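These are the residues of each chain, in order.
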Amino acid sequence: MNPAIDPRLIARLSTEFTSLGEHLNILGRDLDTLHTQVLAESMRTAAQTATGTGVAGAGGSEAPSTVSVTEQRPEPGVPGALDGVAAAQQSGQPVQGTVPPGQEVPVRSAPGSGPAGAAPLWGPPPVGAPGWPAQQWVPIPGVSGAAPAAGWGQPPASGVGMPGAPGAPIPPASGWIPPAGPMGMPVGQPVPGPVGAARPGWAGPGAQPLSPMPGLPRQRRVVAGRPAREPWWQREGVISRVLAVAGVAVTLIGVVMLLVLAAQAGFFGPVPRVLAGGLFSAALVGVGARVFAKPGGRVGGIALAATGIAGGYLDVVAMTTMYRWLDPVVGYVVAFGIAAGGVALAMRWNSQGLAVLVTAGAAVLAPFVSTELMLLVGFLIVLQIAALPVQLVRDWPWLHVIRTIPAVLVTLLAVVGTALDSGAGPDRYQALAAAIVIAVTGLIGAVLAGRLRAGDVTASLSFGAATVPMLAAPVLFSGRTGPTVVAGAVATVLLLVAAVPWVPKLGAAARIPGHLAVVSTLAGAVALLEACVGVTEVQTLPTALFVVAMGFLAAAGQQRSRFASALGAVYGGLGAVAFLFRADPATLAGQAEAEAHLSISTALSAVFLLAVLAVAAWTARRLGLLDRESDAAVLSVFAGIGGLYAVTALTVSLGVATGSRDGFLAGHGIATVIWMAAATAALLFGLRRLSRKSPQAKVALVAGLLLTGAALAKLFLFDLATLAGLLRAAAFLVVGVLLLMVGTRYARAFADLNART
């Protein structure tokens, strides 16, 4: 066999041809069965037509008659009884036989011969059926039309064969001998069974319904065999790549040992170690280039070149941080040149693996060579910047991650360590600068990638990771001013980037993709939360959070952004938690606690909480969250509960803020009246829509009744024991009037409803 031909391909083709042959065999048997059934149906229809004609002309006579066939035109070459009848007719001899009354004897004849219009007794149509010759139906003299006797069989598709020989009488209908019997019977064998019985596979006039044809044996479907999937270690190129990566790691570890462990053990001098590392790295790059140019040398060449470039980068890191031969700025420049050369070589070879190996190898092993954390951060930032231009021409998502994560982790460690070290004053600004550079580099890379490839989600996620050190940077400074300024600046920049797509002309020019805007919005929201916490006190924090929530909800309603609405809901929830922490139910119920913790700031927070609920309702309607009445009813219930609590806190806080001894009591009395007013409004709303039988009407009525009960309970259980004098009387009078009004309206509404129905 030709070795160039794949034997697996030949085996697969053989299996497919075998399966195709079996399918064709099944198709042939099914078509044969369908052909037989169609013929049987045609015969039964023709027999019923002929039977109806015979009965109509028979006048009800069913007695058998002995008749003579006086005319027929035989077809030459047709064997069987019809030839015998034809010979008898030509010789003038009558053909005797017992046939059903009025029956016509079918005689095969040449096409176009015989009288027209004769109705056939059985078999195919007289003219026009494909595969059937024309037939002439010869009436038997002396016999009027009558229904045929039972026992006549139907001929097969090949024609009509009447038993007998020349001069022989026509036998009674005791079973035909067709040339080819039903399926499964040999040719020439008579159909078994008594006269008038249904034949298997046949249906004569007056016969019983056909018995179901036995089903064909179930064929097992043969599926073309698929080639067995090779184990991963046997696939082409897998083992070679694994070995190459392992070789890169081991070799770079050897370079690190040469630069660090040899120095610790006192082997060689600094100069021989550095020169040996540089020469070895250059040799690896040269050998890798030669190997890559040879057939099959792509994997090996990439591994060798990556090892040499990463080794050279580590050599520069050692010269800058360990031996102090290079100024940090000069070291950064040289390291940038080496990293940029490696990335350029990767772009020339169109190998993401080379760029990833260079970046990952240098980033992972640089901490073992560097002796200062901030210098290490600088070298990792150099790697991040050197790989940035790749995003302009290549879609290499793994490179985005590898160039960003090491710098982010080490910078975050530097920020936290510097924040914990109270004596590291200058390092704070260095860590802040490093965090800013990483975030800006990530933003530039994400914007460039988004302009060229709108679906590059990896670049946006890498930018999100790059903002983490910047979000942690406020901890570098103590007090309120520093953290607030840093967090506010970060939030402003990120939210502006997220808002760019909302400006039509600016969004068309910047072409910032949606996923980048989402990441920027999320990071900006976190920075804004830090700014809110830094700029406010415990009393004013709920107000700040409610203001931010209103901003996000308003923007969400304007732009119909569900993500912005979710951020607004989160801020609103945080503000509600802070508000409850300040004005919990126990504080509102006790006069001493209320006078100690409630103030005008609490009242202001309650006002903004009501404003947030109003803006949230508008946004929900804009977003279509209130289209269904059931959803609108549920949200209305929760909003009503929050609004009533905010109103109660507002009235009590204002009463306490007045400084009057009765301010707390007056606030509660006003709150009770407002509760009853809200219950009255809910009941009137439900009664107005009572005739529609909408879910909103039912919910409004139930909520109004429950709120009425709550107002009465508060009036008798709290206000009656707490309020005194004019305040108590006023509360009872107002609540009573509202109860009378709503009761009257309630009775009239149901009376009108009963009258209409």
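Residues numbered from 1 in each chain as written. Predicted model: local features only at pLDDT ≥ 70, side-chain atom pairs only at ≥ 80, totals over all residues. Heavy atoms only, no water.

## Focus on the overall build of the chain
Within the chain one finds 24 helices and four strands. Burial status across the chain gives 41% buried among its 757 residues. Taking the intrachain contacts of the chain between residues at least 6 apart in sequence as the baseline, contacts between residues at least 24 apart amount to 72%. For the chain, the exposed surface amounts to about 38200 Å²; the carbon and sulfur share of it is 68%. (Helix = DSSP H or I, 4+ residues; strand = E, 2+ residues; numbered from the N terminus. Buried < 20%, exposed > 50% of the residue type's maximum accessible area, 1.4 Å probe, protein only. Contact = heavy atoms within 4.5 Å. Areas by Shrake-Rupley, 256 points an atom, 1.4 Å probe, with all protein chains shown as cover.)

## Concerning the nonpolar core
Grouped together as the largest cluster of nonpolar side chains are 80 residues, with contacts concentrated most on Y313, L354 and M470. Apart from residues lying up to four places away in sequence, M470 is in contact with L432, A435, I436, A439, V486 and V490. Core analysis: the next-biggest nonpolar cluster, separate from the first, contains 40 residues, A544, F546, A679 and L738 among them. (Core = buried A, V, L, I, M, F, W, Y, C linked by side-chain atoms within 4.5 Å.)

## Side note on the packing of helix α4 (residues 270-293) against helix α5 (residues 298-321)
Running from N to C, α4 and α5 cross one another at 160°; their axes reach a closest spacing of 7 Å. In terms of axis orientation, α4 runs roughly antiparallel to α5. The interaxial crossing formed by α4 with α5 has left-handed handedness. Among the residues forming the contact of α4 with α5, the class breakdown is eleven nonpolar, ten polar and two charged. (Axes fitted to C-alpha atoms, helices over the stretch in contact; angles between N-to-C directions. Parallel < 35°, antiparallel > 145°, perpendicular 65-115°, else oblique. Left-handed = near helix turned anticlockwise from the far one by under 90°. Nonpolar A, V, L, I, M, F, W, Y, C, P; charged D, E, K, R; others polar.)

## Let's talk about the side chain of S520
Among the structural elements, S520 can be located in helix α15 (residues 514-535). Classification of S520 as buried rests on a relative accessible area of 0%. Beyond its immediate chain neighbours, meaning those up to four positions away, S520 contacts F463, L494, V497 and A498.

## Some words on the environment of G655
Summarising the element assignment, G655 is placed in helix α21 (residues 629-657). The contact partners of G655, leaving out residues within four places of it in the chain, are G663 and F664.

## Remarks on helix α6 (residues 328-349)
Helix length check: α6 (22 residues) gives 31 Å between terminal C-alpha atoms against 32 Å at 1.5 Å per residue, within 8%. Taken together, the buried positions of α6 are G331, A335, A339, G342, V343, L345, A346 and W349. One side of α6 carries all its buried residues, which in axial view fall inside an arc of 155°. Exposed residues on α6 whose side chains face more than 90 degrees from its buried face are V329, V333 and R348. Of the surrounding elements, those touching the buried residues of α6 are α4, α5, α7 (352-369) and α8 (373-386). (Expected span 1.5 Å × (residues − 1). Arc of directions from axis to C-beta.)

## Structural notes on α5
With 24 residues, α5 ought to run about 34 Å at 1.5 Å a step, and its terminal C-alpha atoms sit 34 Å apart, in line with that. Among the 24 residues in α5, 20 count as buried, and that is most of the element.

## With respect to unusual backbone geometry
The phi dihedral of N350 is positive, around 55°, even though this residue is not glycine. Relative to the assigned elements, N350 resides in the loop between α6 and α7. Phi at R560 is positive, roughly 55°, even though this residue is not glycine.

## Quick word on the pattern of salt bridges
Tallied over the full model, the rule gives five salt bridges. The salt bridge involving E41 is made with R44; its shortest N-O contact spans 2.2 Å. Of this pair, E41 and R44 are both found in helix α1 (residues 7-58), three residues apart, which corresponds to roughly one turn of the helix. The exposure class of R44 is partly exposed, given its relative accessible area of 24%. In this structure, R453 engages D395 in a salt bridge whose closest nitrogen and oxygen atoms are separated by 3.6 Å. (Salt bridge = Lys/Arg side-chain N within 4 Å of Asp/Glu carboxyl O.)

## Brief notes about the environment of L720
Residue position: L720 is located in helix α23 (residues 695-722). The exposure class of L720 is partly exposed, given its relative accessible area of 35%. Put simply, L720 and G669 are 51 residues apart on the chain and 9.8 Å apart in space, counted from C-alpha to C-alpha. Once residues within four sequence positions are removed from consideration, L720 is found in contact with L715, R728 and F732.

## Some details on the packing of aromatic side chains
Applying the stated criterion to the full structure yields seven aromatic pairs. Plain terms: the ring middles of Y332 and F379 are 5.0 Å apart, the flat faces sit at 75° to each other, and that makes the pair edge-to-face. You can see Y332 sitting in helix α6 and its partner F379 sitting in helix α8, a full 47 residues away along the chain. Judged by its relative accessible area of 1%, F379 is buried. Through a chain of ring-to-ring contacts, three or more aromatic side chains come together here, namely Y313, Y332 and F379. Seen from the ring of W675, K714 lies directly overhead, with NZ or CZ sitting 6.0 Å from the centre. (Phe/Tyr/Trp six-rings, centres within 6.5 Å; stacked < 30°, edge-to-face > 60°. Lys NZ or Arg CZ within 6 Å of the ring centre and 35° of its normal.)

## Description of the side chain of S281
In this structure, S281 sits in helix α4. The class for S281 is buried, based on a relative accessible area of 4%. Apart from residues no more than four positions distant in its own chain, S281 is found in contact with G308, G311 and G312.

## Here's the deal with a nonpolar patch on the surface
Together, I5, L9, I10, L13, F17, L20, L24, L27, L31, L34 and V38 make up an exposed nonpolar region whose accessible area comes to about 1000 Å². Following the sequence through the fold, L31 ends up in helix α1. (Patch = residues over 30% accessible without salt bridge, like charges linked within 9 Å, V, L, I, M, F, W, Y side chains within 5 Å.)

## Points about the packing of helix α9 (residues 397-420) against helix α11 (residues 457-466)
Where α9 contacts α11, the axes come no closer than 9 Å and their chain directions differ by 5°. Relative to α11, the element α9 is oriented roughly parallel. In this structure, α9 contributes P397, H400, V401, T404, I405 and V408 to the contact, and α11 contributes T458, A459, S462, A465 and A466. Of the residues assigned to the contact of α9 with α11, the class counts are seven nonpolar, four polar and no charged.

## Considerations on the confidence of the model for the chain
A low pLDDT means the predicted coordinates there should not be read in detail. Of all residues in the chain, 70% have pLDDT values of 70 or greater, and the mean over the chain is 75. Every residue in residues 53-211 is under pLDDT 50, and counting partners more than four places away or in other chains gives 261 contacts. (pLDDT = per-residue confidence, 0-100.)

## Section: the environment of S636
Looking at the secondary structure, you find S636 in helix α21. Under the relative-accessibility criterion, S636 is labelled partly exposed at 48%. Separated by 19 residues in sequence, S636 and A617 have C-alpha atoms that sit 8.6 Å apart.

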